[in-house]
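Spelled out from the first residue to the last, the chains are:
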Amino acid sequence: KVKSLSDLPGVGQSILNKLIEAGYSSLEAVAVASPQDLSVAAGIPLTTAQRIIKEAREALDIRFKTALEVKKERINTKKITTGSQALDGLLGGGIETRTMTEFFGEFGSGKTQLCHQLSVNVQLPLEKGGLGGKAVYIDTEGTFRWERIEAMSKAIGLEPDSAMNNIYYMRAINSDHQMAIVDDLQELIGKDPAIKLVIVDSITSHFRAEFPGRENLAVRQQKLNKHLHQLVRLAEMYDLAVIITNQVMARPDMFYGDPTVAVGGHTLYHVPGIRVQLKKSRGNKRIARIVDAPHLPEGEVVFAITEEGVRD
Ligand code: ADP
Ligand code: MG
(Lines give C-alpha, C1' and ligand atoms only; values in the text may rest on other atoms or scores of the structure.)
(Ligands and ions follow the chains in the order given, each with its own letter.)
Protein backbone atom coordinates (compact mmCIF):
# COMPACT_ATOMS: atom_id res chain seq x y z
CA LYS A 1 0.00 0.00 0.00
CA VAL A 2 1.17 3.52 -0.82
CA LYS A 3 1.91 5.32 2.44
CA SER A 4 4.31 8.07 1.46
CA LEU A 5 5.38 10.07 -1.57
CA SER A 6 8.33 7.81 -2.28
CA ASP A 7 5.93 4.86 -2.68
CA LEU A 8 4.27 6.50 -5.69
CA PRO A 9 5.20 4.90 -8.99
CA GLY A 10 7.42 7.26 -10.95
CA VAL A 11 8.55 9.24 -7.93
CA GLY A 12 12.25 8.55 -7.71
CA GLN A 13 14.81 10.25 -5.51
CA SER A 14 15.26 13.20 -7.86
CA ILE A 15 11.56 14.08 -8.13
CA LEU A 16 11.10 13.37 -4.43
CA ASN A 17 13.82 15.89 -3.57
CA LYS A 18 12.26 18.50 -5.84
CA LEU A 19 8.84 18.01 -4.28
CA ILE A 20 10.17 18.24 -0.74
CA GLU A 21 12.24 21.31 -1.53
CA ALA A 22 9.17 22.95 -3.00
CA GLY A 23 7.30 22.26 0.25
CA TYR A 24 5.24 19.30 -0.97
CA SER A 25 6.53 16.79 1.52
CA SER A 26 3.50 14.58 2.03
CA LEU A 27 0.94 12.67 -0.02
CA GLU A 28 -1.73 15.04 1.27
CA ALA A 29 0.14 18.14 0.19
CA VAL A 30 0.54 16.75 -3.31
CA ALA A 31 -3.00 15.40 -3.52
CA VAL A 32 -4.57 18.81 -3.01
CA ALA A 33 -2.09 20.80 -5.12
CA SER A 34 -2.98 22.18 -8.53
CA PRO A 35 -0.93 20.64 -11.37
CA GLN A 36 0.20 24.09 -12.51
CA ASP A 37 1.44 25.13 -9.08
CA LEU A 38 3.17 21.84 -8.48
CA SER A 39 4.83 21.89 -11.87
CA VAL A 40 6.18 25.42 -11.43
CA ALA A 41 7.18 25.08 -7.78
CA ALA A 42 8.97 21.77 -8.15
CA GLY A 43 10.31 22.39 -11.65
CA ILE A 44 8.79 19.25 -13.11
CA PRO A 45 6.81 18.86 -16.36
CA LEU A 46 3.09 19.57 -16.14
CA THR A 47 2.19 16.05 -17.23
CA THR A 48 4.36 14.59 -14.48
CA ALA A 49 2.70 16.85 -11.94
CA GLN A 50 -0.74 15.76 -13.15
CA ARG A 51 0.19 12.11 -12.92
CA ILE A 52 1.69 12.40 -9.42
CA ILE A 53 -1.35 14.30 -8.14
CA LYS A 54 -3.67 11.66 -9.56
CA GLU A 55 -1.67 8.88 -7.93
CA ALA A 56 -1.56 10.70 -4.59
CA ARG A 57 -5.34 11.13 -4.68
CA GLU A 58 -5.85 7.45 -5.44
CA ALA A 59 -3.48 6.51 -2.62
CA LEU A 60 -5.49 8.61 -0.20
CA ASP A 61 -8.77 7.42 -1.66
CA ILE A 62 -9.86 10.94 -2.54
CA ARG A 63 -12.72 10.41 -4.97
CA PHE A 64 -16.50 10.38 -5.15
CA LYS A 65 -17.98 7.49 -3.22
CA THR A 66 -21.56 6.39 -3.17
CA ALA A 67 -23.44 6.86 0.07
CA LEU A 68 -23.58 3.08 0.32
CA GLU A 69 -19.80 2.90 0.27
CA VAL A 70 -19.70 5.53 2.98
CA LYS A 71 -22.13 3.46 5.01
CA LYS A 72 -20.03 0.33 4.63
CA GLU A 73 -16.89 2.20 5.65
CA ARG A 74 -18.58 3.68 8.67
CA ILE A 75 -20.17 0.41 9.79
CA ASN A 76 -16.73 -1.14 9.77
CA THR A 77 -15.40 1.64 11.96
CA LYS A 78 -14.04 0.03 15.06
CA LYS A 79 -14.54 1.35 18.55
CA ILE A 80 -12.61 1.33 21.81
CA THR A 81 -14.54 0.98 25.03
CA THR A 82 -14.03 3.69 27.64
CA GLY A 83 -14.71 1.35 30.54
CA SER A 84 -18.12 2.94 31.15
CA GLN A 85 -21.15 1.56 29.33
CA ALA A 86 -22.94 4.86 29.75
CA LEU A 87 -20.09 6.81 28.17
CA ASP A 88 -19.72 4.22 25.41
CA GLY A 89 -23.43 4.60 24.74
CA LEU A 90 -23.12 8.36 24.50
CA LEU A 91 -20.32 7.91 21.97
CA GLY A 92 -22.31 5.46 19.86
CA GLY A 93 -20.34 2.46 21.09
CA GLY A 94 -16.98 3.88 22.13
CA ILE A 95 -14.08 5.87 20.75
CA GLU A 96 -14.05 5.60 16.96
CA THR A 97 -11.12 4.98 14.70
CA ARG A 98 -10.66 7.36 11.74
CA THR A 99 -11.90 10.11 14.00
CA MET A 100 -10.45 12.65 16.35
CA THR A 101 -12.22 12.75 19.70
CA GLU A 102 -11.70 15.70 21.99
CA PHE A 103 -12.27 15.64 25.73
CA PHE A 104 -12.52 19.12 27.11
CA GLY A 105 -13.32 20.37 30.55
CA GLU A 106 -12.01 21.99 33.66
CA PHE A 107 -9.04 20.81 35.72
CA GLY A 108 -9.76 17.47 37.39
CA SER A 109 -12.69 16.64 35.15
CA GLY A 110 -11.12 13.32 34.13
CA LYS A 111 -9.46 14.04 30.79
CA THR A 112 -6.13 12.51 31.71
CA GLN A 113 -7.70 9.53 33.45
CA LEU A 114 -9.69 8.79 30.29
CA CYS A 115 -6.51 9.00 28.22
CA HIS A 116 -4.79 6.50 30.51
CA GLN A 117 -7.79 4.19 30.41
CA LEU A 118 -8.06 4.25 26.63
CA SER A 119 -4.34 3.59 26.15
CA VAL A 120 -4.95 0.41 28.15
CA ASN A 121 -8.33 -0.52 26.66
CA VAL A 122 -7.14 -0.25 23.06
CA GLN A 123 -5.04 -3.32 23.85
CA LEU A 124 -8.04 -5.48 24.67
CA PRO A 125 -9.12 -7.98 22.04
CA LEU A 126 -11.99 -6.98 19.72
CA GLU A 127 -14.55 -9.06 21.59
CA LYS A 128 -13.73 -7.21 24.81
CA GLY A 129 -14.04 -3.75 23.34
CA GLY A 130 -10.46 -3.12 22.26
CA LEU A 131 -8.59 -3.20 18.98
CA GLY A 132 -5.82 -5.54 20.04
CA GLY A 133 -3.55 -2.58 19.39
CA LYS A 134 -0.96 -0.26 20.86
CA ALA A 135 -1.09 3.38 21.87
CA VAL A 136 1.04 6.47 21.44
CA TYR A 137 0.83 8.86 24.39
CA ILE A 138 2.06 12.41 23.85
CA ASP A 139 2.17 14.12 27.22
CA THR A 140 2.49 17.91 27.24
CA GLU A 141 1.76 18.53 30.89
CA GLY A 142 3.79 15.80 32.55
CA THR A 143 0.72 14.18 34.06
CA PHE A 144 1.24 10.65 32.71
CA ARG A 145 1.60 8.09 35.51
CA TRP A 146 2.70 4.53 34.84
CA GLU A 147 1.14 3.59 38.17
CA ARG A 148 -2.28 4.32 36.71
CA ILE A 149 -1.54 2.14 33.68
CA GLU A 150 -0.50 -0.64 36.03
CA ALA A 151 -3.64 -0.36 38.14
CA MET A 152 -5.97 -0.05 35.15
CA SER A 153 -4.47 -2.97 33.27
CA LYS A 154 -4.52 -5.24 36.32
CA ALA A 155 -8.16 -4.36 36.84
CA ILE A 156 -9.13 -5.64 33.40
CA GLY A 157 -6.89 -8.70 33.45
CA LEU A 158 -4.02 -7.46 31.29
CA GLU A 159 -0.49 -8.19 32.38
CA PRO A 160 0.72 -4.73 33.53
CA ASP A 161 4.26 -4.87 32.15
CA SER A 162 3.15 -5.94 28.68
CA ALA A 163 0.39 -3.33 28.81
CA MET A 164 3.04 -0.67 29.54
CA ASN A 165 5.22 -2.09 26.79
CA ASN A 166 2.41 -1.44 24.34
CA ILE A 167 2.29 2.29 25.08
CA TYR A 168 4.82 4.53 23.34
CA TYR A 169 5.31 7.54 25.56
CA MET A 170 6.82 10.93 24.76
CA ARG A 171 6.91 14.12 26.78
CA ALA A 172 6.49 17.14 24.49
CA ILE A 173 8.64 20.00 25.73
CA ASN A 174 7.08 22.84 23.76
CA SER A 175 4.69 23.40 20.88
CA ASP A 176 7.34 22.98 18.19
CA HIS A 177 8.39 19.70 19.73
CA GLN A 178 4.77 18.62 19.99
CA MET A 179 4.24 19.32 16.28
CA ALA A 180 7.48 17.60 15.34
CA ILE A 181 6.47 14.47 17.25
CA VAL A 182 3.27 14.27 15.22
CA ASP A 183 5.25 14.93 12.02
CA ASP A 184 7.38 11.90 12.80
CA LEU A 185 4.50 9.65 13.80
CA GLN A 186 3.96 8.39 10.24
CA GLU A 187 7.34 6.75 10.46
CA LEU A 188 6.65 5.11 13.81
CA ILE A 189 3.23 3.89 12.70
CA GLY A 190 4.75 2.60 9.48
CA LYS A 191 7.18 0.54 11.55
CA ASP A 192 4.57 -0.59 14.04
CA PRO A 193 1.15 -0.91 12.40
CA ALA A 194 -0.23 -2.26 15.69
CA ILE A 195 -0.57 1.38 16.79
CA LYS A 196 -4.31 2.04 16.86
CA LEU A 197 -4.57 5.02 19.17
CA VAL A 198 -2.76 8.35 19.34
CA ILE A 199 -3.29 10.57 22.40
CA VAL A 200 -2.25 14.19 22.84
CA ASP A 201 -2.84 15.27 26.45
CA SER A 202 -3.23 18.22 26.25
CA ILE A 203 -3.36 19.64 22.75
CA THR A 204 -3.55 23.29 23.81
CA SER A 205 -1.39 23.91 26.89
CA HIS A 206 1.90 24.70 25.12
CA PHE A 207 0.18 26.80 22.48
CA ARG A 208 -1.65 28.82 25.11
CA ALA A 209 1.52 29.39 27.14
CA GLU A 210 3.69 30.31 24.16
CA PHE A 211 1.20 32.43 22.26
CA PRO A 212 -0.81 34.18 24.94
CA GLY A 213 -3.42 36.82 24.49
CA ARG A 214 -5.27 38.29 21.57
CA GLU A 215 -2.18 39.68 19.88
CA ASN A 216 -0.90 36.13 19.31
CA LEU A 217 -4.25 34.62 18.45
CA ALA A 218 -3.68 34.42 14.71
CA VAL A 219 -0.33 32.64 14.96
CA ARG A 220 -1.62 30.33 17.65
CA GLN A 221 -4.66 29.33 15.63
CA GLN A 222 -2.64 28.81 12.50
CA LYS A 223 -0.16 26.48 14.18
CA LEU A 224 -2.83 24.66 16.14
CA ASN A 225 -4.94 24.14 13.05
CA LYS A 226 -2.05 22.67 11.12
CA HIS A 227 -1.29 20.34 14.03
CA LEU A 228 -4.93 19.26 14.35
CA HIS A 229 -5.36 18.61 10.66
CA GLN A 230 -2.24 16.52 10.67
CA LEU A 231 -3.74 14.41 13.45
CA VAL A 232 -7.04 14.05 11.59
CA ARG A 233 -5.17 12.85 8.52
CA LEU A 234 -3.24 10.29 10.54
CA ALA A 235 -6.52 8.95 11.87
CA GLU A 236 -7.94 8.58 8.38
CA MET A 237 -4.84 7.24 6.70
CA TYR A 238 -4.00 4.60 9.26
CA ASP A 239 -7.50 3.78 10.50
CA LEU A 240 -6.65 4.74 14.05
CA ALA A 241 -8.30 6.70 16.83
CA VAL A 242 -6.97 10.09 17.87
CA ILE A 243 -7.78 11.55 21.26
CA ILE A 244 -6.94 15.07 22.28
CA THR A 245 -7.69 16.91 25.49
CA ASN A 246 -8.27 20.57 26.08
CA GLN A 247 -8.51 22.28 29.42
CA VAL A 248 -11.10 25.00 29.56
CA MET A 249 -11.98 27.14 32.49
CA ALA A 250 -15.05 26.20 34.45
CA ARG A 251 -17.77 28.64 33.59
CA PRO A 252 -20.98 27.56 35.25
CA ASP A 253 -22.97 29.91 33.06
CA MET A 254 -21.56 28.27 29.95
CA PHE A 255 -22.33 24.58 30.35
CA TYR A 256 -25.01 24.78 27.70
CA GLY A 257 -23.17 27.19 25.47
CA ASP A 258 -19.89 26.44 23.80
CA PRO A 259 -17.32 27.03 26.53
CA THR A 260 -14.41 26.73 24.13
CA VAL A 261 -15.37 30.00 22.56
CA ALA A 262 -12.26 31.72 23.82
CA VAL A 263 -12.18 35.08 25.47
CA GLY A 264 -12.77 37.54 22.68
CA GLY A 265 -15.41 35.47 20.96
CA HIS A 266 -13.22 33.38 18.71
CA THR A 267 -13.80 29.66 18.55
CA LEU A 268 -10.71 27.71 19.33
CA TYR A 269 -10.58 25.78 16.09
CA HIS A 270 -12.62 24.16 13.36
CA VAL A 271 -11.67 20.60 12.67
CA PRO A 272 -13.84 17.57 12.14
CA GLY A 273 -14.28 15.23 15.06
CA ILE A 274 -16.29 14.45 18.13
CA ARG A 275 -16.16 16.80 21.07
CA VAL A 276 -17.02 15.61 24.54
CA GLN A 277 -17.39 18.03 27.40
CA LEU A 278 -16.52 16.70 30.84
CA LYS A 279 -17.70 18.17 34.08
CA LYS A 280 -17.10 17.33 37.73
CA SER A 281 -20.05 16.05 39.65
CA ARG A 282 -20.46 14.72 43.18
CA GLY A 283 -17.50 12.69 44.51
CA ASN A 284 -15.92 10.52 41.84
CA LYS A 285 -18.78 11.09 39.41
CA ARG A 286 -18.27 12.95 36.16
CA ILE A 287 -20.73 14.18 33.56
CA ALA A 288 -20.01 13.80 29.86
CA ARG A 289 -21.86 15.62 27.14
CA ILE A 290 -21.48 15.46 23.36
CA VAL A 291 -21.07 18.79 21.63
CA ASP A 292 -22.14 19.17 18.00
CA ALA A 293 -21.33 15.68 16.71
CA PRO A 294 -22.61 15.24 13.18
CA HIS A 295 -24.27 11.86 13.78
CA LEU A 296 -24.75 11.42 17.52
CA PRO A 297 -27.85 12.50 19.40
CA GLU A 298 -27.35 15.15 22.03
CA GLY A 299 -27.36 13.98 25.58
CA GLU A 300 -25.32 13.56 28.69
CA VAL A 301 -24.32 10.67 30.92
CA VAL A 302 -22.69 10.11 34.27
CA PHE A 303 -19.62 7.95 34.73
CA ALA A 304 -17.12 7.42 37.56
CA ILE A 305 -13.37 7.54 38.02
CA THR A 306 -12.28 4.86 40.46
CA GLU A 307 -8.99 3.40 41.64
CA GLU A 308 -9.50 0.74 38.94
CA GLY A 309 -10.15 3.31 36.25
CA VAL A 310 -13.13 4.63 34.30
CA ARG A 311 -16.36 2.85 35.25
CA ASP A 312 -20.10 3.36 35.36
P1 ADP B 1 -7.91 16.44 34.08
O2 ADP B 1 -6.91 15.77 33.22
O3 ADP B 1 -9.23 16.64 33.43
O4 ADP B 1 -7.40 17.68 34.73
P5 ADP B 1 -7.65 14.02 35.61
O6 ADP B 1 -7.99 13.07 34.56
O7 ADP B 1 -6.24 14.17 36.00
O8 ADP B 1 -8.25 15.46 35.29
O9 ADP B 1 -8.54 13.64 36.84
C10 ADP B 1 -8.08 13.76 38.12
C11 ADP B 1 -9.09 13.06 39.02
O12 ADP B 1 -9.08 11.67 38.75
C13 ADP B 1 -8.74 13.21 40.46
O14 ADP B 1 -9.29 14.39 40.98
C15 ADP B 1 -9.39 11.98 41.04
O16 ADP B 1 -10.74 12.25 41.27
C17 ADP B 1 -9.33 10.97 39.95
N18 ADP B 1 -8.23 10.02 40.18
C19 ADP B 1 -6.94 10.13 39.84
N20 ADP B 1 -6.23 9.10 40.26
C21 ADP B 1 -7.07 8.28 40.90
C22 ADP B 1 -6.95 7.04 41.59
N23 ADP B 1 -5.79 6.43 41.72
N24 ADP B 1 -8.06 6.52 42.13
C25 ADP B 1 -9.24 7.12 42.03
N26 ADP B 1 -9.44 8.29 41.39
C27 ADP B 1 -8.37 8.88 40.84
MG1 MG C 1 -4.99 16.35 32.64
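These figures come from a predicted structure and were not determined experimentally. (Residues numbered from 1 in each chain as written. Chains lettered and ligands numbered in written order. Predicted model: local features only at pLDDT ≥ 70, side-chain atom pairs only at ≥ 80, totals over all residues. Heavy atoms only, no water.)

### Some points on the overall build of the protein
Note the cut-off: Strands are runs of DSSP state E lasting at least 2 residues, helices are runs of H or I lasting at least 4, and numbering of each runs from the N terminus. To get the radius of gyration, use the C-alpha atoms; to get the globule rule, take the number of residues to the power 0.38 and multiply by 2.2 Å. Each residue gets one of three labels from its accessible area relative to the maximum for its type: buried under 20%, exposed over 50%, partly exposed in between, using a 1.4 Å probe on protein chains only. By definition, residues are in contact when any of their heavy atoms lie within 4.5 Å. Here the open area of atoms and residues is found with the Shrake-Rupley method and a 1.4 Å probe, where only the protein chains shown may cover a residue.
A count of helical and extended segments in the protein gives 12 helices and 11 strands. Expected size for 312 residues packed as a compact globule is a radius of gyration near 20 Å; at 20 Å, the protein falls within 12% of this value. Principal-axis analysis of the C-alpha atoms places the extent of the protein at approximately 65 × 45 × 40 Å. In the protein, which comprises 312 residues, the share counted as buried stands at 47%. Put simply, of all contacts in the protein between residues at least 6 apart along the chain, 66% involve residues at least 24 apart. Carbon and sulfur atoms form 55% of the exposed surface of the protein, whose accessible area is close to 15,100 Å².

### Observations regarding the nonpolar core
Put simply, the rule is: To form a nonpolar core, buried Ala, Val, Leu, Ile, Met, Phe, Trp, Tyr and Cys residues must be joined to one another through side-chain atoms within 4.5 Å. Domain start and stop points were drawn from an automatic or database domain assignment.
Ranked by size, the top nonpolar core spans 46 residues in total, and within it Leu19 and Leu231 carry the most contacts. A per-element tally of this core places helix α12 (residues 217-238) first, with eight residues. Counting residues domain by domain, this core receives three or more from each of domain 1 (5-59) and domain 2 (73-311). Those residues in contact with Leu231 that sit more than four places away from it in its chain are Met100, Val182, Val198, Val200, Ile203, Val242 and Ile244. In terms of nonpolar packing, the next biggest core, distinct from the first, is built from 35 residues, Ile80, Leu87, Cys115 and Ile149 among them.

### Quick notes on the domain arrangement of the protein
Under the domain assignment, the protein is made up of domain 1 (5-59) and domain 2 (73-311). Here the C-alpha centre of domain 2 lies 33 Å away from the C-alpha centre of domain 1.

### Quick notes on the site of ligand 1
Which entries qualify depends on this criterion: If even one non-hydrogen atom of a residue comes within 4 Å of a molecule or strand, that residue is called near it. Whenever a nitrogen or oxygen atom comes within 3.5 Å of another N or O atom, the pair is scored as a polar contact, on the condition that within protein one atom can donate a hydrogen and the other can accept it, and that pairs from neighbouring residues in sequence are kept only if both atoms are in side chains. Charged residues are taken to be Asp, Glu, Lys and Arg, nonpolar residues to be Ala, Val, Leu, Ile, Met, Phe, Trp, Tyr, Cys and Pro, and polar residues to be all remaining types, Gly included.
Around ligand 1 sit 13 residues, and of these Gly108, Gly110, Lys111, Thr112 and Gln113 come closest. In the model, an oxygen atom of ligand 1 is placed 3.2 Å from a nitrogen or oxygen of the Ser109 main chain. A distance of 3.1 Å is found between a nitrogen atom of ligand 1 and a side-chain nitrogen or oxygen belonging to Arg148. When ligand 1 is considered free in solution it has 580 Å² of accessible area, and contact with the protein chains removes 68% of it. Taken together, the elements giving at least two residues each to the shell around ligand 1 come down to α7 (111-121) and β10 (300-306). Here the shell around ligand 1 gets three residues from one element, more than from any other, and that element is α7. A breakdown of the residues in the shell around ligand 1 according to their chemical character gives two nonpolar, six polar and five charged.

### Re the environment of Val136
Residue placement: Val136 occurs in strand β4 (residues 134-139). Remark: the alpha-carbon pair of Val136 and His295, spanning 159 residues in sequence, is separated by 27 Å. Ignoring anything within four residues of it in the chain, the contact list for Val136 reads Tyr168, Leu185, Leu188, Ile195, Leu197, Val198 and Ile199.

### Here we look at the packing of helix α3 (residues 35-42) against helix α4 (residues 46-59)
To be explicit about the condition: Under this scheme, a helix contributes an axis fitted over its contacting stretch, all axes are lines through C-alpha atoms, and angles between N-to-C directions fall in the 0 to 180 degree range. Throughout this description, any angle smaller than 35 degrees is read as roughly parallel, any larger than 145 degrees as roughly antiparallel, any in the 65 to 115 degree range as roughly perpendicular, and the remainder as oblique. Each crossing gets its handedness from the near helix: less than a right angle anticlockwise from the far helix is left-handed, clockwise is right-handed.
Direction vectors running N to C along α3 and α4 enclose 120°, while the axes themselves pass 8 Å from each other. Regarding the angle of α3 to α4, the classification is oblique. As α3 runs across α4, the sense of the crossing is right-handed. Where α3 abuts α4, its residues Pro35, Gln36, Leu38 and Ser39 lie against Leu46, Ala49, Gln50 and Ile53.

### Some thoughts on the pairing of strand β3 (residues 100-105)
Every regular strand shows the same layout, with side chains that alternate between the two sheet faces. Which entries qualify depends on this criterion: Strand pairing follows a simple DSSP-based rule, namely that at least 2 bridges must link the two strands.
The buried fraction of β3 is high, at six of six residues. Side chains of β3 alternate between two faces, with Met100, Glu102 and Phe104 and Thr101, Phe103 and Gly105 buried alike. Relative to strand β7 (residues 241-247), β3 is paired through six bridges, and the arrangement is parallel. Along β7, the bridge assignment pairs Gly105 with Gln247. Relative to strand β8 (residues 274-280), β3 runs parallel, the two sharing five bridges. The residue of β8 that forms the bridge with Gly105 is Leu278.

### Observations concerning helix α10 (residues 175-191)
Residues separated by three or four positions in an α-helix point in the same direction, a consequence of the helix having 3.6 residues per turn. Under the convention used in this document: What a helix is expected to span follows from its residue count: subtract one and scale by 1.5 Å. Bend angle per residue: angle between axes fitted to the 7 residues ending at that residue and the 7 residues starting there.
Between its first and last C-alpha atoms α10 spans 25 Å; for 17 residues at 1.5 Å apiece the expected length is 24 Å, and the two agree. Along its length, α10 shows its largest kink, about 40°, at Asp184. Along α10, the positions that sit buried rather than exposed are Ser175, Gln178, Met179, Ile181, Val182, Leu185 and Ile189. Looking at the buried residues of α10, the elements they touch are β4, β5 (167-171), β6 (195-201), α11 (205-210) and α12. The N-cap of α10, judged by a side-chain oxygen 3.2 Å from the amide nitrogen of Asp176 a few residues on, is Asn174.

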